[in-house]
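Each chain is listed here by its residues.
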Amino acid sequence: MADTIAETVQKAAENITENANVKIPATPEGMFIAYSSLVIMALLPIFFGSKRSLSNQKEHKASDSTEKPDIMTKKDAMMFPIIASCALFGLYIFFKLFSKEYINLLLTGYFFVLGVLALSHLMAPVISKLVPSSIPYVPFHIKFTKGTNEDLIDYKFTSYDIVCLVISTTIGVWYLFKKHWIANNLFGLAFALNGVELLYLNNVITGCILLGGLFVYDIFWVFGTNVMVTVAKSFEAPIKLVFPQDLLERGLGASNFAMLGLGDIVIPGIFIALLLRYDYSLKRNSSLYFYATFIAYFMGLMATIFVMHVYKHAQPALLYLVPACVITPIFIAMIRGDLKTLFAYEDHPEEKTDEKEVKEKSKPEQSKTEKKKTK
């Protein structure tokens with residue numbers, strides 16, 4: 001009798017654990033909440049990251065600084081899809097050959113450090129306004145010099161930055177041990193916003209090359225193979241935004257996630273940020289190109305979700321986002337007669353003038369050497 005009771009209890013416990021691991025099917029309400037949240041989380045980094053990139057450019061011009069941000073060249077844009085493909089396939093091979101637990105352990109530590117720094121940079125303007133007056137504003141400057149001229153470390157920060165670092169580290173430790181989807185999204189949003197703010201496309205042609213290459217990249221790796229989907233599901237790092245479709249049933253412990261890769265936010269985002277800077281250069285007190293392309297991006301996301309829901313298959317979001325983001329500004333420029341200025345615009349045109357001056361200076365020297373040779 002005791003044995004049968006023990007067997008019954010054991011079977012019941014096994015059924016409970018099995019049911020706990022089974023994903024609850026998504027309800028229409030749960031799917032609506034999940035995908036609406038993903039769309040909102042995708043739009044926020046693009047909007048605020050673009051605004052911050054414009055303010056950075058204004059500050060740069062106002063300060064007359066000679067330092068220039070890292071700008072993606074046309075060659076970089078051409079090589080990016082190839083490098084991304086090699087990295088993606090390399091991760092796929094790693095996950096096939098080695099235990100994904102060890103790989104994810106290394107990646108978790110790497111993204112923990114990056115996430116803390118990205119979140120600190122994102123929170124700094126907000127925290128500086130919220131820190132109570134009891135905490136004094138104290139500037140610090142760490143400088144480590146080799147010899148007399150070479151600075152190995154030259155870093156300035158304040159006591160408020162330390163507060164940001166402590167808060168970000170706390171969130172990072174939460175992610176490190178729990179891998180909770182909220183902590184994942186906080187890191188993901190920080191990466192996305194910093195990416196849109198700090199990554200620069202110098203002109204529209206470079207942006208079109210980059211988006212066109214990744215358009216082909218995304219379609220091939222999603223429809224042509226199972227590599228993209230396999231890596232996305234195995235890769236435990238905050239490189240994607242997730243939101244549970246069973247939130248209403250399981251609350252914060254939900255596990256049936258809808259996801260959106262950060263690349264589908266950052267890559268179109270840096271192109272949209274470029275258009276905002278172009279709007280500012282026109283001095284028309286209008287941000288038509290930015291807002292029109294921003295709305296086009298939103299419509300592209302909605303098209304991605306609709307097709308994914310109809311065909312029940314993962315979709316390459318850039319298949320819909322790239323045409324929406326590229327065609328919209330070009331179409332508006334054709335109507336308004338801005339096509340030449342759109343493709344001629346550059347954030348840092350002084351680089352070309354410097355090159356021309358060097359060539360012009362070198363021409364007389366070349367002509368002198370040629371004359372000597374003829375003599």
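The rules behind these values
Residues numbered from 1 in each chain as written. Predicted model: local features only at pLDDT ≥ 70, side-chain atom pairs only at ≥ 80, totals over all residues. Heavy atoms only, no water. Helix = DSSP H or I, 4+ residues; strand = E, 2+ residues; numbered from the N terminus. Buried < 20%, exposed > 50% of the residue type's maximum accessible area, 1.4 Å probe, protein only. Contact = heavy atoms within 4.5 Å. Areas by Shrake-Rupley, 256 points an atom, 1.4 Å probe, with all protein chains shown as cover. Axes fitted to C-alpha atoms, helices over the stretch in contact; angles between N-to-C directions. Parallel < 35°, antiparallel > 145°, perpendicular 65-115°, else oblique. Left-handed = near helix turned anticlockwise from the far one by under 90°. Nonpolar A, V, L, I, M, F, W, Y, C, P; charged D, E, K, R; others polar. Salt bridge = Lys/Arg side-chain N within 4 Å of Asp/Glu carboxyl O. Core = buried A, V, L, I, M, F, W, Y, C linked by side-chain atoms within 4.5 Å. Phe/Tyr/Trp six-rings, centres within 6.5 Å; stacked < 30°, edge-to-face > 60°. Expected span 1.5 Å × (residues − 1). Patch = residues over 30% accessible without salt bridge, like charges linked within 9 Å, V, L, I, M, F, W, Y side chains within 5 Å.

Enquirer: What's the story with the overall build of the protein in this structure? I'm lost.
Expert: A count of helices and strands for the protein gives 14 helices and 6 strands. In the protein, buried positions account for 39% of the 375 residues. Taking contacts inside the protein between residues at least 6 apart in sequence as the whole, the part at least 24 apart equals 75%. By element, 67% of the accessible surface of the protein is carried by carbon and sulfur atoms, the whole surface being about 22200 Å².

Enquirer: How should I be thinking about the packing of helix 11 (residues 288–311) against helix 12 (residues 318–336) in this particular structure?
Expert: Working note: a packed helix pair is described by the angle between its axes plus the distance between those axes. At their nearest, the axes of helix 11 and helix 12 sit 8 Å apart, and the two run at 150° to each other. When the interaxial angle is binned, helix 11 and helix 12 end up roughly antiparallel. Crossing of helix 11 over helix 12 shows right-handed handedness. Taking contact as the criterion, the partners of Leu288, Tyr289, Ala292, Thr293, Ala296, Tyr297, Gly300, Leu301, Ala303, Thr304 and Val307 in helix 11 are, on helix 12, Tyr320, Leu321, Ala324, Cys325, Thr328, Pro329, Ile332, Ala333 and Arg336. Class assignment of the residues belonging to the contact of helix 11 with helix 12 gives a composition of 15 nonpolar, 4 polar and 1 charged.

Enquirer: Looking at this structure, how should I read the pattern of salt bridges?
Expert: This model, assessed by the stated rule, comprises 4 salt bridges. For the salt bridge of Asp347 with Arg277, the shortest nitrogen-to-oxygen distance reads 2.9 Å. Highlighted residues: Asp347 in the loop between helix 13 (339–344) and helix 14 (350–374) and Arg277 in helix 10 (residues 263–282), separated in sequence by 70 residues. The exposure class of Asp347 is buried, given its relative accessible area of 4%. We classify Arg277 as buried; its relative accessible area is 0%. The shortest N-O distance in the salt bridge between Arg336 and Asp338 comes to 3.7 Å. When its relative accessible area of 4% is taken as the criterion, Asp338 is described as buried. Put simply, Arg284, Arg336 and Asp338 are held in one network by salt bridges that share partners.

Enquirer: I keep staring at the nonpolar core and nothing clicks. Help me out?
Expert: Soluble globular proteins tend to pack their nonpolar side chains together in the buried interior. Counting residues in each nonpolar core, the largest one holds 83 residues, and the members touching the most others are Leu38, Leu210, Ile265 and Tyr297. If we ignore the near neighbours within four places in the chain, the residues touching Leu210 are Met72, Ala77, Phe80, Leu201, Ile267 and Ile270.

Enquirer: What exactly am I supposed to notice about the packing of aromatic side chains here?
Expert: For any pair of aromatic rings, the description consists of the separation of the ring centres together with the inter-plane angle of the planes. Inspection of every chain in the model, using the stated rule, returns 15 aromatic pairs. Seen in terms of ring centroids, Phe47 and Phe48 are 5.3 Å apart; in terms of plane orientation they differ by 85°. Their pairing is edge-to-face. Given the relative accessible area of 23%, Phe47 is considered partly exposed. For Phe48, a relative accessible area of 43% puts it in the partly exposed group. By the ring-pair criterion, three or more aromatic residues cluster together here, those being Phe47, Phe48, Phe290, Tyr291 and Phe294.

Enquirer: Would you mind showing me how to read helix 12 here?
Expert: Note that an α-helix has 3.6 residues per turn; residues three or four places apart therefore point the same way. Compared with the 27 Å implied by 1.5 Å per residue over 19 residues, the 27 Å span of helix 12 between its first and last C-alpha is a close match. Of all the positions in helix 12, only Leu318, Leu321, Val322, Ala324, Cys325, Val326, Thr328, Pro329, Ile332 and Ala333 are classed as buried. Buried residues in helix 12 make contact with helix 7 (204–224), helix 10, helix 11 and helix 13.

Enquirer: Hey, could you run me through a nonpolar patch on the surface in this one?
Expert: Where nonpolar side chains cluster on the molecular surface, the patch consists of Phe89, Ile93, Phe94, Leu97 and Phe98 and spans about 510 Å² of accessible area. The residue Phe94 is located in helix 3 (residues 74–97) in this model.

Enquirer: Is there a simple way to think about the packing of helix 7 against helix 12 in this case?
Expert: Contact geometry for helix 7 and helix 12: axes closest at 9 Å, N-to-C directions at 160°. Here helix 12 runs roughly antiparallel to helix 7, going by the angle between their axes. Helix 7 and helix 12 meet at a crossing whose hand is left-handed. Where helix 7 approaches helix 12, its residues Cys208, Leu211, Leu214, Phe215, Asp218, Ile219 and Phe223 are matched on the opposing element by Leu318, Leu319, Val322, Pro323 and Val326. Grouping the amino acids of the contact of helix 7 with helix 12 by side-chain chemistry returns 11 nonpolar, no polar and 1 charged.

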